[in-house]
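Chain and residue survey
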Amino acid sequence: MSTLYTEDMNRDELFRYLDSYLEIDAFSSFDYSLNGLVVGDPAGGDIERISLAVDASLATFQAAVAQKSDLLLVHHGLYWGSPIAVTGAHYRRIKTLLDAQVSLYAAHLPLDAHPEVGNNAQMAQILGLEEVEAFAPYRGVPIGFKGSFATPQSIQWVCERLGFSNPVVLEHGKKQISSVGIVSGGASDSLGSAIAEDLDLFITGEIKHEAYHEALEHQVNLIGGGHYETEVFGVKALGAHLSERFGLVVSFIDKPTGL
C-alpha cells in the first residue's frame, strides 16, 4: 500500500480512521476495556510521531514522552469497567501524559480480533498458516484465528517461529501439528473451541490451571506463550500500517512483563 500522507496528520482525522479501521464500536457492548481515545484533545492539532506499546503504564508513558511522540497507542488501556480516582499512581500516569501533551489511544479486543493487524491474525501469518478462518467466538464475535500447515510442524518449531522466550508447553496431543487455533492473551477458556473443532494445537498467552486436564483428556497440545509476548504483534503491525499509509513516524516501546 502506498503512503497517502507525508506530513503531520490532523488528530481528529487519525482518531476517526483508527475507530473505523479497528471497528471500535463493534466491541463497545462487551469489551470492558475503554477503547478509543482515552486521554487527549481530538482537536489538539496535528500528529507526526506515534509510540506503540502493549501496556498503558507510567514506564510506557515516560518512554513516549522521551521519544517526543504526540500519541501513544496501546493494547491494554487504563480503564477496565470501573472508574478510577485520579490520585496516587493513576494521577502520576495521567499527569505525565497531560504535561507532555501526549494523547493515549487504546484498542483491546479490536486489536485481538482484527483480520489484518490483529495479534491473532499476525501470529497466523508468521506461522504461514493456510486456510485461515475466524475462530473462538466471544459474545458472538470471533476473536481468534485458526488454520493449517501445508507441512506438519513440531511444537518447538512453533514456539521458535513466534519468538516465545519462556513458553508453557503442554504436549498432550500429536507430535506433528497440522491444525492450529490462536487466541492471544488470557484466553485459555477458548481451549473448548479448539477441542470442538478437533485442532491439534491451541496457542494462547496465559494458561489457567484447570486447562491442563481439559487438554490432557482431549489430547490437545497447548502453548502459553505469555500474555505480553502474544500481544506485541498487533501494536507492531498497526504501527507499520500507520507508517506506510500516512507517513507517520512510529516506534515500539518494549516493556516485557515476563508474564
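Please read all numbers here as calculations on a predicted model, not as lab measurements.

On to the side chain of H114, then. As for its placement among the helices and strands, H114 is situated in the loop between α4 (109-113) and α5 (119-127). Looking at H114, the relative accessible area reads 5%, which means it is buried. Polar contacts involving the side chain of H114 include one to the main-chain amide nitrogen of E116, which spans 3.0 Å. Among residues more than four places away in sequence, those in contact with H114 are Y21, L22, A121 and F145.

On to the environment of G118, then. Relative to the assigned elements, G118 resides in the loop between α4 and α5. Using a relative accessible area of 0% as the deciding quantity, one classes G118 as buried. On a C-alpha basis, the gap between G118 and F233 in space is 7.3 Å, while along the polypeptide they are 115 residues apart. Residues contacting G118, with those up to four places away along its chain left out, are L111, D112 and G234.

A separate point is the pairing of strand β8 (residues 141-153). Walk down a regular strand and you will see the side chains alternate between the two sheet faces. The pairing of strand β7 (residues 130-138) with β8 spans six bridges and is antiparallel. By the bridge assignment for β8, E130 is matched with S148. With five bridges joining them, β8 and strand β10 (residues 177-182) adopt antiparallel strand pairing. Its bridge partner lying in β10, F145 is registered against I182.

A few words now on the nonpolar core. Among the nonpolar cores identified, the biggest contains 43 residues, and L14, L22, I203 and L238 are the most heavily contacted of them. When residues in this core are grouped by element, the largest group, seven residues, is from helix α9 (residues 232-246). Contacts of L14, omitting those with residues within four sequence positions, involve M9, I47, I50, L71, L242, F246 and L248.

The next point concerns the sheet that holds strand β2 (residues 36-39). Across the sheet, five strands lie side by side as β2-β6-β5-β4-β13; this open sheet has mixed pairing. Bordering the open sheet on either side are β2 and β13 (249-252), each of which pairs with just one other strand. Strand-to-strand twist in this sheet, taken as the mean axis angle between neighbours without regard to direction, amounts to 30°. The sheet contact formed by β2 and strand β6 (residues 103-106) spans three bridges and is antiparallel. Across the sheet, L37 pairs through a bridge with Y105, a residue of β6. Helix-sheet contacts for helix α1 (residues 11-21) involve β2, β4 (49-55), β5 (71-76) and β6, and the interaxial angle to β6 is about 10°.

Here we come to the pattern of salt bridges. With the rule as written, the count across this model stands at seven salt bridges. With a shortest N-O distance of 3.8 Å, E171 and K175 are connected by a salt bridge. Relative accessible area serves as the criterion here: at 48%, E171 is assigned to the partly exposed category.

If you walk across this open sheet you meet the six strands as β7-β8-β10-β11-β12-β9, and the pairing is mixed. Across the chains shown, the open sheet's two edge strands, defined by having one partner strand only, are β7 and β9 (168-170). Each strand of the sheet is rotated relative to its neighbour by a mean of 20°, with strand direction disregarded. The pairing of β9 with strand β12 (residues 221-224) spans three bridges and is antiparallel. Of the residues in β12, the one forming a bridge with L170 is L222. Seen against the sheet, α5 touches β7, β8, β10 and β11 (201-204) and runs at an angle of roughly 5° to β8.

Next up on the list: the packing of helix α2 (residues 58-66) against helix α3 (residues 88-100). As a packed pair, α2 and α3 sit with axes 9 Å apart at the nearest point and diverge in direction by 10°. It follows that α2 is roughly parallel to α3 by the angle criterion. The residues of α3 that touch α2, namely those facing L58, F61, Q62 and V65, are R92, R93, T96, L97 and A100. For the contact of α2 with α3, the residue count by class is five nonpolar, two polar and two charged.

The next point concerns the environment of H218. Counting through the fold element by element, H218 comes out in helix α8 (residues 211-218). Separated by 26 residues in the primary sequence, H218 and G192 have C-alpha atoms spaced 9.7 Å apart.

About the criteria used
Starting afresh in each chain, residues are numbered from 1 along the sequence in its written order. Local features in this predicted model are restricted to residues of pLDDT 70 or higher, and side-chain atom pairs are both shown and tallied only at a pLDDT of 80 or more, whereas totals for entire chains, interfaces and linings draw on every residue. Each side-chain value is worked out from all heavy atoms of the structure, with water and hydrogens disregarded. Strands are runs of DSSP state E lasting at least 2 residues, helices are runs of H or I lasting at least 4, and numbering of each runs from the N terminus. Summary of the burial criterion: residues with accessible area below 20% of their type's maximum are buried, those above 50% are exposed, and those between are partly exposed, where the area comes from a 1.4 Å probe applied to protein chains only. Throughout this description, a polar contact denotes any pair of N or O atoms lying within 3.5 Å of each other; where both atoms belong to protein, one of them has to be capable of donating a hydrogen while the other can accept it, and for residues adjacent in sequence the pair is counted only when both atoms sit in side chains. Every residue pair with non-hydrogen atoms within 4.5 Å of one another is taken to be in contact. Paired strands, as defined in this entry, are two strands with at least two bridges between them according to DSSP. Each nonpolar core is a collection of buried residues, namely Ala, Val, Leu, Ile, Met, Phe, Trp, Tyr and Cys, held together in the definition by side-chain atoms within 4.5 Å. For helices, the axis comes from a line fit to the C-alpha atoms of the stretch in contact; other axes are also lines fit to C-alpha atoms, and the angle between any two N-to-C directions lies between 0 and 180 degrees. Salt bridges are defined as contacts in which a side-chain nitrogen from Lys or Arg sits within 4 Å of a carboxyl oxygen from Asp or Glu. Throughout, the term roughly parallel applies to angles under 35 degrees, roughly antiparallel to angles over 145, roughly perpendicular to angles from 65 to 115, and oblique to all others. Residues are grouped as follows: nonpolar covers Ala, Val, Leu, Ile, Met, Phe, Trp, Tyr, Cys and Pro; charged covers Asp, Glu, Lys and Arg; every other residue, Gly included, is treated as polar.

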